Amino acid sequence: RTQALSQLLPPLFELARRRSAEGQNPALENRAALLVLGMAANGIGLGVLLPERQAELAARPIRVTLAGRRDAPQHFLVSATLAAESGVPLADRIGLFKELADSRGGTGFSFNDMAANRAGTRLGALAVGDPTRLQQRLAGVLQEDDLLPDVSDLPEGMNEAEFRRRYGAPGSPAYQQLMDDIEQRLEATPALR
């Protein structure tokens, strides 16, 4: 069944909050929640973690969405998990590399995907940098735009030639202007502050 990420985060982070209150490490609890959600969003059956329940879990797969898209939670959760496990710089580099690779033969470079990557990276940094506060914030009721602002107006689907024509290369003034716009939008996003 299809479920919005904003519906899945609260119960998992409520569980993380309760386990932390019982003495578990809050950053580790947050990392575990992000990893499990990332697996589900990327189509990795949770039976991998719970082999004794593999048949039951396989019969009830979850399709995760964010902002009505199937790819946005994948970008968001992979970046969040990478940031929580290995830091923001690596998560950002991997997200950019993936989009550049997409421009060379995949779905094309997408600033929507870059926004989901950066939103996830911010969440992952909070998951380990201020874990208890993040648990309290995510354990409540969430709306989609609490996690990712509207980015539907951003360019996407650009092949490598189109990306280079419009933006040059990552770090160019045109590219940086669009990334700065994304950062401003994320700065106003409740769960990411």
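One structure accompanies this document, and this report is about it.

### A word on the packing of helix α8 (residues 160-167) against helix α9 (residues 173-187)
Part 1 of the argument: Where α8 contacts α9, the axes come no closer than 7 Å and their chain directions differ by 90 degrees. In terms of axis orientation, α8 runs roughly perpendicular to α9. Here Phe 163, Arg 166 and Tyr 167 of α8 come into contact with α9, specifically with Ala 174, Tyr 175 and Leu 178.

### So, unusual backbone geometry
Part 1 of the argument: In this structure, Ala 67 is a non-glycine residue whose phi angle is positive, near 55 degrees.
Part 2 of the argument: Residue Ala 67 is classed as partly exposed on the basis of its relative accessible area, which comes to 44%.

### Details of the pattern of salt bridges
Part 1 of the argument: Counted under the stated rule, the structure contains 20 salt bridges.
Part 2 of the argument: With a closest N to O distance of 2.8 Å, Arg 19 and Glu 29 form a salt bridge. Of the two residues, Arg 19 is situated in helix α1 (residues 5-21) and Glu 29 in helix α2 (residues 26-41); the sequence distance between them amounts to ten residues.
Part 3 of the argument: Accessibility expressed as a relative area gives 12% for Glu 29, which makes it buried.
Part 4 of the argument: One salt bridge in this structure joins Asp 181 and Arg 185, with 2.9 Å as the shortest N-O distance. Of this pair, Asp 181 and Arg 185 both sit in helix α9, four residues apart, which is roughly one turn of that helix.

### Quick look at the side chain of Thr 81
Part 1 of the argument: Along the chain, Thr 81 turns up in helix α4 (residues 71-86).
Part 2 of the argument: A distance of 3.5 Å separates a polar side-chain atom of Thr 81 from the backbone oxygen of Leu 34.
Part 3 of the argument: Thr 81 has contacts with Leu 34 and Leu 35, leaving out every residue within four places of it along the chain.

### Overview of the nonpolar core
Part 1 of the argument: Residues Leu 5, Phe 111 and Leu 147 are the most contacted members of the largest nonpolar core, which totals 43 residues.
Part 2 of the argument: The dominant element in this core, judged by the number of residues it contributes, is helix α6 (residues 111-129), at eight residues.
Part 3 of the argument: Filtering out sequence-adjacent residues up to four positions away, Phe 111 remains in contact with Leu 154, Pro 155, Glu 156, Met 158, Phe 163, Tyr 167, Tyr 175, Leu 178, Met 179 and Ile 182.

Rules of the game
- Residues numbered from 1 in each chain as written.
- Predicted model: local features only at pLDDT ≥ 70, side-chain atom pairs only at ≥ 80, totals over all residues.
- Heavy atoms only, no water.
- Axes fitted to C-alpha atoms, helices over the stretch in contact; angles between N-to-C directions.
- Helix = DSSP H or I, 4+ residues; strand = E, 2+ residues; numbered from the N terminus.
- Parallel < 35°, antiparallel > 145°, perpendicular 65-115°, else oblique.
- Contact = heavy atoms within 4.5 Å.
- Buried < 20%, exposed > 50% of the residue type's maximum accessible area, 1.4 Å probe, protein only.
- Salt bridge = Lys/Arg side-chain N within 4 Å of Asp/Glu carboxyl O.
- Polar contact = N/O pair within 3.5 Å; in protein donor to acceptor, adjacent residues only side chain to side chain.
- Core = buried A, V, L, I, M, F, W, Y, C linked by side-chain atoms within 4.5 Å.

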